[in-house]
Amino acid sequence: EAAVTQSPRNKVTVTGGNVTLSCRQTNSHNYMYWYRQDTGHGLRLIHYSYGAGNLQIGDVPDGYKATRTTQEDFFLLLELASPSQTSLYFCASRLGGDAEQFFGPGTRLTVL
Amino acid sequence: QQQVRQSPQSLTVWEGETAILNCSYEDSTFNYFPWYQQFPGEGPALLISISSVSDKKEDGRFTIFFNKREKKLSLHITDSQPGDSATYFCAAKTGANTGKLTFGHGTILRVHP
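Residues numbered from 1 in each chain as written. Chains lettered and ligands numbered in written order. Predicted model: local features only at pLDDT ≥ 70, side-chain atom pairs only at ≥ 80, totals over all residues. Heavy atoms only, no water.

S.K.: Hey, could you run me through the packing of aromatic side chains in this one?
M.R.: Both the distance between ring centres and the angle between the ring planes are used here to describe each pair of aromatic rings. One pass over the full model with this rule turns up 17 aromatic pairs over all chains. Here Phe33(B) and Phe66(B) contribute two aromatic rings whose centre-to-centre distance is 5.1 Å and whose plane-to-plane angle is 35 degrees, an arrangement assigned as tilted. Of this pair, Phe33(B) sits in strand S4 (residues 32-38) while Phe66(B) sits in strand S7 (residues 62-67), placing them 33 residues apart in sequence. Per residue, the accessibility class of Phe33(B) equals that of Phe66(B), and both read buried. Put simply, the rings of Tyr31(A), Tyr33(A), Tyr35(A), Tyr48(A), Tyr50(A), Phe90(A), Phe103(A), Tyr36(B), Phe89(B) and Phe103(B) touch in pairs and so form one group of aromatic residues. The residue whose ring lies beneath Arg94(A) is Tyr31(A), and the NZ or CZ to ring-centre distance is 4.5 Å. (Phe/Tyr/Trp six-rings, centres within 6.5 Å; stacked < 30°, edge-to-face > 60°. Helix = DSSP H or I, 4+ residues; strand = E, 2+ residues; numbered from the N terminus. Buried < 20%, exposed > 50% of the residue type's maximum accessible area, 1.4 Å probe, protein only. Lys NZ or Arg CZ within 6 Å of the ring centre and 35° of its normal.)

Given below as structure tokens:
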């Protein structure tokens, strides 16, 4: 079973705060993804990467940066957090080709 | 612009009944359609998927019916069990190697014993 872990699992910050969400996969997967999940919107892709040092823009990238430091680690950065970024964030990884995406357990972020 | 639509938003069935979850899409370049199951407090997990070259995919009690001409598909859960209570997401992918998925808003299924 593919393993994707996320930290922290819960985070509370204030408007204007600086937040980093972490994701690690030990599957030797090439692709990694960051999504946000909101009621009424399903999952929306923020950023993704197909390898260390690579970054691709997703569908809702505004206000977010991301960095893929190694094959295993993918970070999502909110440098000036806003209440509209209060959400449930999921990381996923995928080997490539037609392989499925495996999701982590999620991080619940609250911006006050 | 919502490219993948799901209905109903929520569905309640009795144990043993068949639950039918619907999905439609707009982009004709979508060629792969996974359904994900999500329990509270967990990430989504792949349940079953279908390629656009097929019109039916079966896996135990779960069956996808696909109509390419109408750009519609449905997930049938036969003999529904309380343990099937979850949120179900229909997603779609093009042939590009990015693996980008476009998700619907989800259907919340409740199965009463």
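S.K.: Help me understand the state of the cysteines, please; the structure alone is not making it clear to me.
M.R.: One pass over the full model with this rule turns up two disulfides over all chains. Each sulfur of the disulfide joining Cys23(A) and Cys91(A) lies 1.9 Å from the other. Across the S-S bond of Cys23(A) and Cys91(A) the torsion is about -75 degrees, and the bridge reads as left-handed. Placement of Cys23(A) in strand S3 (residues 19-25) and of Cys91(A) in strand S9 (residues 87-94) is noted, with a sequence separation of 68 residues between them. Judged by relative accessible area, which is 0%, Cys91(A) ranks as buried. The residue that forms a disulfide with Cys23(B) is Cys90(B), at a sulfur-sulfur distance of 2.0 Å. Sign of the S-S torsion, about -70 degrees for the bond between Cys23(B) and Cys90(B), identifies this disulfide as left-handed. You can see Cys23(B) sitting in strand S3 (residues 19-25) and its partner Cys90(B) sitting in strand S9 (residues 86-92), a full 67 residues away along the chain. Given the relative accessible area of 5%, Cys23(B) is considered buried. (Disulfide = S-S within 2.5 Å.)

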